[in-house]
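Chains, contacts and geometry: an overview
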Amino acid sequence: MADDLLTEFVRADRERELGTYGIHVYREGSPPVEHRFRSDDRVNLYSVAKTFTSVAAGMAEAEGRLSLDDRLLDHLPDLRAIAADGFEAVTLRQLITMTSGTGHRWFANERIEAADLLREIVAAPLVAAPGTRFAYTGSGPYAVGRVIARLTGADLRAYLVPRLFVPLDLHNPAWHTCPLGYSFAESDLFLRTGELARFARLLLQDGAWEGRQLVPEGYVRRMVEERVDSSAMSRVQSKYGYGLGVWLDRDGTYRMDGAYGQYAVIDPARRVAVTVTAHSERDEELLEAVHELVLAKLS
């Protein structure tokens, strides 16, 4: 069964040079199935980190520290004086769902020239009314990470260590930081395929892990249900909508999605999570192979 399930995917990866490092398939009630194309080293998950940031916000909300409907500046009043016109209406939810309306575009692979990236984000002019337009950027998740740090006294990574990383046995993961020492939040979290697969399984199980509710009950459903329109995206696989740190996908699935083929596709109906790490220059083809050569076989 294990060999049969991944045979076509393995062949496709080699024939099409998809660049997969490893694939892990978890199906509820069955032993995991996996295949390695190289050693299982920790790799940059890129934008998969946004999902971790969203989960951290959900945890902080359940602890009564914030609400996703809070306005950013209510938690950072010292930035009101430099905020762009209209920014006072921007909420944490809009920052997570990329609908803040900001014209600020930043991703973690870019050098930070500002003395404080958060001040630059808040001061950048809006190009749309908050909540009206989806525009993909790492600026929002980074700002949310800074709010969590302000409210908890712990950097985003430190906040997640006892609440998520330790229970999932994700020992001492690296998460790169800005010059001020705050986790990038939107990218640059490093995990192995199998480690990311545990987080994917956690979401498949609605936030429960070995008898503990790690992610607040109901928050995983909200991550999918509280979606925004992403149909303006050029990539076909990104047109199904964007939720609270996850991409909606075909046939009721949703996914974590990072550059160069870091994927965790979660299928609640089939009770399956498929996790891939890679360095792929053909990442859209890689995602298609996950759907057509793995998930479709589990129907």
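In the block above lies the structure referred to throughout.
Owing to the predicted nature of the structure, the values given are computational and were not obtained by experimental measurement. (Residues numbered from 1 in each chain as written. Predicted model: local features only at pLDDT ≥ 70, side-chain atom pairs only at ≥ 80, totals over all residues. Heavy atoms only, no water.)

**Considerations on the environment of Arg71**
Position of Arg71 relative to the elements: it lies in the loop between helix H2 (49-62) and helix H3 (72-75). Residue class for Arg71 comes out partly exposed when judged on its relative accessible area of 39%. Along the chain, Arg71 and Val33 lie 38 residues apart, while their C-alpha atoms are 44 Å from each other. Ignoring anything within four residues of it in the chain, the contact list for Arg71 reads Glu88, Ala89, Val90 and Thr91. (Helix = DSSP H or I, 4+ residues; strand = E, 2+ residues; numbered from the N terminus. Buried < 20%, exposed > 50% of the residue type's maximum accessible area, 1.4 Å probe, protein only. Contact = heavy atoms within 4.5 Å.)

**A look at helix H6 (residues 139-152)**
Spanning 14 residues, H6 covers 20 Å between terminal C-alpha atoms, matching the ideal 20 Å at 1.5 Å per step. The buried fraction of H6 is high, at 11 of 14 residues. In this fold, the buried residues of H6 make contact with H2, H3, helix H4 (92-96), helix H5 (117-123) and helix H7 (156-165). (Expected span 1.5 Å × (residues − 1).)

**A few points about the pairing of strand E1 (residues 20-27)**
A large share of E1 lies buried, amounting to seven of its eight residues. Across seven bridges, E1 lies against strand E10 (residues 272-278) in antiparallel orientation. In the strand pairing of E10, Tyr26 is matched with Ala273. When E1 meets strand E2 (residues 33-36), the two strands line up antiparallel, connected through four bridges. When the sheet's bridge partners are listed, Gly22 is paired in E2 with Arg36. Hairpin connection between E1 and E2: a loop of five residues separates the two successive antiparallel strands, and Gly29 in this loop has a positive phi of roughly 90 degrees. (Pairing = 2+ DSSP bridges.)

**Section: the packing of aromatic side chains**
This model, assessed by the stated rule, comprises 13 aromatic pairs. With 5.7 Å between their ring centres and 50 degrees between their planes, Trp106 and Phe184 make a pair best called tilted. Linking Trp106 in the loop between H4 and H5 with Phe184 in the loop between H7 and strand E4 (190-191), this pair joins segments that are 78 residues apart in sequence. Exposure class is identical for Trp106 and Phe184. Each is buried. Summarising the aromatic geometry, the rings of Phe134 and Tyr136 are spaced 6.5 Å apart at their centres and angled 35 degrees between planes, so their arrangement reads as tilted. Here the aromatic cluster, defined as three or more aromatic residues joined through ring pairs, consists of Phe107, Phe134, Tyr136, Tyr242 and Trp247. A cation sits over an aromatic face here: Arg38 above Tyr21, 3.7 Å from the ring centre. (Phe/Tyr/Trp six-rings, centres within 6.5 Å; stacked < 30°, edge-to-face > 60°. Lys NZ or Arg CZ within 6 Å of the ring centre and 35° of its normal.)

**A look at the pairing of strand E9 (residues 262-267)**
E9 sits mainly inside the fold: six of its six residues count as buried. Burial along E9 is two-sided: the face carrying Gln262, Ala264 and Ile266 and the face carrying Tyr263, Val265 and Asp267 are both buried. Of the strand pairs in this sheet, strand E8 (residues 254-258) and E9 are connected by five bridges, and their pairing is antiparallel. From the neighbouring strand, Arg255 faces E9, where its bridge partner is Val265. From the end of E8 to the start of E9, which pair antiparallel, there are three residues, and Tyr260 there has a positive phi angle of about 65 degrees. Here five bridges tie E9 to E10, and the two strands are oriented antiparallel to one another. Considered in E10, the bridge of Asp267 is made with Val272. In this structure, the hairpin formed by E9 and E10 is closed by a connection of four residues, where Arg271 is found at a positive phi of approximately 55 degrees.

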